[in-house]
Each structure stands twice: as structure tokens, then as C-alpha cells.
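One letter stands for each residue in the lines below.
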Amino acid sequence: MPLALLRERAFNQRWAEQPEGVIPLTAADPDFPAAEVIREALVAHVREGVFSYGPPGGLPLFRETVARDLRQRRGAAVEPGGVMAVNSAAAGLALVARHWLQPGDEAIVWDPVDFLLPHTVRAAGGVPVLWPIGRHGPLDLDGLERLITPRTRLLCLCNPHNPLGRCFSRQELEALGRFCLAHGLRVLSDEVWSDIVYPPEVFTSWLALEPALAAIGVVVQGFSKGFALAGLRVGTVAMADPEALAALLASSDQPSTVDGVATLSQVAAAAACSAEGLAWLAAFLEHLRQRRDQTIAALAAIPGLTVSSPDATYVAFVGLPAGGESAEALVQRLRQEHGLALVPGSPRWFGPGGAGHVRLCFATGEGILAEGLRRFAAGMAAAKPGRSPSC
Ligand SMILES: Cc1ncc(COP(=O)(O)O)c(C=O)c1O
């Protein structure tokens, strides 16, 4: 792990933003350099020295490679014309929300879920309507039905789910799809975590569903989580219907060049989808599976915590003892007194459903993770009995 470089370059609550000595198991961003094949592709492109404008929807190399990858790895019915390059998954979510929501429109969003989903709806002028979800158990379709109003337009999925680490089965997605068809809703499926799924769990993309269901959805993907390319800000928006995708692209600022994706980032993304890139991903996934098991075993040994092994993602969402210190107070104490940074389950990060939890990212090396988990245990052991939630 290039720790000196991470201290210079890893921002977003990570190494470069923490005081010396603090281990950041915070933002979901790996502590590893990108695959050799990606770095080589970037170097070769740079050496050639031609950096002209790219086309608005992305380089043909990007659209063709990503469409092939979606067909081969996800069983998605998608053509190059149904794929566009965007400036990150976050930008893809924003583009879709702006295109599909009018001010005051309501969008169903899980609670808890990564802050980006409700944030995206609000930024587009929409109103996020929270639908509670747990780590296990059936989806509450009756509860969903009660949330529907004449203003409901969109169902926002996060599959695999951050922070619960849950993947949704084909049957669950089909049930949601039929529900949305019956209520005239569209589906925004955030699949940025779809590369990080631990066998035997199986991931199902929205675009792999039957055509009538795939047609009402849009899939957003990225290269930050699976390929350690967060700083290159590149992602994908994909739809089954190339004409619908063309309308989305036309509604964006990419044709005007106000917005658009750096061609170098697209070159990196295409290299990620190569055979060598996917072999790197497989090795990374095996490393993560070991870190996940290491994390869950260590957390399970800390009295009072509630833990569940994630089927996907490289985050653990840890329940804190009821009636004890608040997540915010614990996170502050762990950082100041024990040298460990975590993300608190505050409404700002995960919605009200995240209360009483902390999120821990385990995409790091074995030794650093072991030390971070040791600090977590030490911090929990040092908690004073009777610290109230307002501490
Ligand atoms: C659910 C979810 N969606 C989107 C993103 C953003 O990904 P990107 O870096 O490609 O914008 C993240 C990053 O943590 C995420 O967890």
C-alpha cells in the first residue's frame, strides 16, 4: 500500500484529511493503486499526445467496451448507443434525476441508504420519500404502496446496497418492477457497487430483467469502487433503449461541452473492462472477502455490537449498543482518543435509519485493518457505562 502517496492524495475523509497517526476506515475508496493494465493504457495514451475533444456521449471505445461488458458480465440487453460516459456515478445519478423529475415530484428512496440518493433527488428539485429497509427480510411492498401519492414518479434503488451490503434477488427486483409498472413509476438503479459481490451471492442488474421491466429503468455504474479510480471521475449511464438514452444525453450539458468526461478517464475505464482488468478485479475481490471475514470476526468479538456479514460492498454497517453513546460521539472519541476514523450513521450520511450505527470501510491491507479493529475494540472497552446518547 502506497501510504506516503495516500497521505498526499486520498481525500474525502481519508488519509490526506486525517491527523498523522489516525487510520481512516471512512470513505469507501480502496487503499490500493489501480491495475497495471489501466496505468499502462493511460501512459500509452499520454505518450501519443493527442487530446482532442471527444464525442458528447463518450468515446466509441468506451461505449462499445462498456456495452459489451454489461452484456457479458451482467446479461444486460444493451447496445453501445444505450450507454453514455458520465463524470462519475454521482454525476450519472444527478443527470437522470434532473431529466426525470420536475420540481415537487416525489422519489422513493431507501432508508438507510448512501446520502447521494436523497441528495440527488433534492438537488433536482424533487422530494425524497423514505422507504425503510433492513439488512435481511422481505421488502415491505405494502409499506411502499402506502408511500405512493399522485406526485410519485421514481423509485431509486441502490443495488448492491450501501451501507447494508445487501444484493437484491431477481424475484425481488421483478416484484419491484411489476409494482412500478402498475404505478407508472420509473426506476433509477444505482449499481456502482455491482463489481463487489462475494460469491455465492449473485448480482442481478436492472437491465437483465425482462424487457418490459428493463425499459422503465436506467442503470448508473462507476469505476471508483471496483477499480480504485475515484479520482478519475468516470461512470456510466445505461438504458435498454438507445433512443431514450439519446434523449437523456441531449438533456445534459455534454453536447455543449460545458460538461463531459475527460477522454483519459474513459481510456482508463475501458482498460478496466479488459481481460487483465477483470483478472485484477477477481484478485481484489478475493482480498476483500478475506478482509470482510477478518472484519466481521473481530467486530463479533466486541461486546454490544451488532454485525452482519455484507454480501456485497466493502463496508460493514455496525449497530451500536442501545441506549449508549451516540454514533457521532463515539466516532469523535475514537478519532481523538484511539486514532481511528469511521463514518457515523448520521442522517446526513445515511438518513434517519442509520441512527445507532457506524460504517467501517475494510478496503485496506490486513495489517492496517487489524490495527484499526484493535483500536475499535479498545475504544468500545473504554466507553464509560451510562454515557448518554447526548454525550
Ligand atoms: C451508492 C453509491 N452511489 C454512488 C457513489 C458515487 O460513486 P462515484 O465515485 O462513481 O461518483 C457511491 C460512492 O460511495 C455510492 O456508495
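Above this text you will find the structure in question.
Residues numbered from 1 in each chain as written. Predicted model: local features only at pLDDT ≥ 70, side-chain atom pairs only at ≥ 80, totals over all residues. Heavy atoms only, no water.

Let's talk about the site of the ligand
Here is step 1 of the chain: With respect to spatial proximity, 13 residues lie near the ligand, and among them Ala89, Asn162, Asp190, Ser224 and Lys225 are the closest.
Here is step 2 of the chain: Between the ligand and Asp190 there is a distance of 2.6 Å, counted from a nitrogen atom to a side-chain nitrogen or oxygen.
Here is step 3 of the chain: At 2.7 Å, a side-chain N or O of Lys225 approaches an oxygen atom of the ligand.
Here is step 4 of the chain: Where the shell around the ligand is concerned, the elements lending two or more residues are helix H4 (88-100) and helix H9 (224-227).
Here is step 5 of the chain: By residue number, the principal contributor to the shell around the ligand is H4, which donates 3 residues. (Near = heavy atom within 4 Å. Polar contact = N/O pair within 3.5 Å; in protein donor to acceptor, adjacent residues only side chain to side chain. Helix = DSSP H or I, 4+ residues; strand = E, 2+ residues; numbered from the N terminus.)

A word on the nonpolar core
Here is step 1 of the chain: By size, the foremost hydrophobic cluster in this structure holds 118 residues, and its most contacted members are Phe223, Tyr314 and Phe376.
Here is step 2 of the chain: Of the residues that make up this core, three or more belong to each of domain 1 (3-31 + 277-381) and domain 2 (39-273).
Here is step 3 of the chain: Those residues in contact with Phe223 that sit more than four places away from it in its chain are Phe62, Val66, Ala228, Leu229, Val234, Gly235, Thr236, Ala269, Ala272 and Cys273. (Core = buried A, V, L, I, M, F, W, Y, C linked by side-chain atoms within 4.5 Å. Buried < 20%, exposed > 50% of the residue type's maximum accessible area, 1.4 Å probe, protein only. Domains from an automatic or database assignment. Contact = heavy atoms within 4.5 Å.)

Examining the packing of helix H3 (residues 60-74) against helix H11 (residues 263-272)
Here is step 1 of the chain: Running from amino to carboxyl end, H3 crosses H11 at an angle of 30°, the nearest separation of the two axes being 9 Å. Between H3 and H11, the angle is such that the two are roughly parallel. For H3 against H11, the interelement crossing comes out left-handed. Contacts from Leu61, Phe62 and Thr65 of H3 reach H11 at Gln266, Val267, Ala269 and Ala270.
Here is step 2 of the chain: Each residue belonging to the contact of H3 with H11 can be placed in one class, and the counts come to 5 nonpolar, 2 polar and no charged. (Axes fitted to C-alpha atoms, helices over the stretch in contact; angles between N-to-C directions. Parallel < 35°, antiparallel > 145°, perpendicular 65-115°, else oblique. Left-handed = near helix turned anticlockwise from the far one by under 90°. Nonpolar A, V, L, I, M, F, W, Y, C, P; charged D, E, K, R; others polar.)

Here we look at the pairing of strand S2 (residues 83-86)
Here is step 1 of the chain: Along S2, one buried face is formed by Val83 and Ala85 and the opposite face, lined by Met84 and Val86, is buried too.
Here is step 2 of the chain: Relative to strand S8 (residues 235-238), S2 runs antiparallel, the two sharing 4 bridges. Bridging from a neighbouring strand, Ala85 pairs with Thr236 of S8. (Pairing = 2+ DSSP bridges.)

Examining the packing of aromatic side chains
Here is step 1 of the chain: Using the criterion set out here, one finds 11 aromatic pairs in the structure.
Here is step 2 of the chain: Note on Phe223 and Phe227: the rings are 6.3 Å apart at their centroids and 40° apart in plane angle, and the pair reads as tilted.
Here is step 3 of the chain: The exposure class assigned to Phe227 is buried, which follows from its relative accessible area of 1%.
Here is step 4 of the chain: Aromatic pair Phe227 and Trp280: ring centres 6.4 Å apart, planes at 25°, arrangement stacked. With a gap of 53 residues between them, Phe227 in helix H9 and Trp280 in helix H12 (residues 275-300) connect regions that are remote in the sequence.
Here is step 5 of the chain: A network of ring pairs unites the aromatic residues Phe32, Phe62, Trp193, Phe223, Phe227, Trp280, Phe284 and Tyr314 as a single cluster.
Here is step 6 of the chain: Arg348 extends its terminal NZ or CZ atom over the ring of Phe115, reaching a point 5.3 Å from the ring centre.
Here is step 7 of the chain: The residue whose ring lies beneath Arg348 is Trp349, and the NZ or CZ to ring-centre distance is 3.8 Å. (Phe/Tyr/Trp six-rings, centres within 6.5 Å; stacked < 30°, edge-to-face > 60°. Lys NZ or Arg CZ within 6 Å of the ring centre and 35° of its normal.)

Quick look at helix H10 (residues 242-251)
Here is step 1 of the chain: Listed as buried for H10 are Leu245, Leu248 and Leu249. For H10, the buried positions fall inside an angular range of 100° around the axis, keeping them on one side. What points out from H10, more than 90 degrees from its buried face, is the exposed set Glu243 and Ala250.
Here is step 2 of the chain: Those residues of H10 that are buried lie in contact with H3, S2, H4 and S8.
Here is step 3 of the chain: Its side-chain oxygen 2.9 Å from the backbone nitrogen of Glu243, Asp241 forms the N-cap of H10. (Arc of directions from axis to C-beta.)

What about the sheet that holds strand S7 (residues 217-222)?
Here is step 1 of the chain: The strand order S2-S8-S7-S6-S5-S3-S4 describes an open sheet built from 7 strands, whose pairing is mixed. Edge positions in the sheet fall to S2 and strand S4 (127-132), since each has one partner strand and no second. Looking at each pair of strands side by side, their axes are set apart by 25° on average, direction ignored.
Here is step 2 of the chain: Relative to S7, strand S6 (residues 186-190) is paired through 4 bridges, and the arrangement is parallel. Bridge pairing in S7 places Val187 opposite Gly217.
Here is step 3 of the chain: Relative to the sheet, H10 contacts S2 and S8, its axis offset from that of S2 by approximately 25°.

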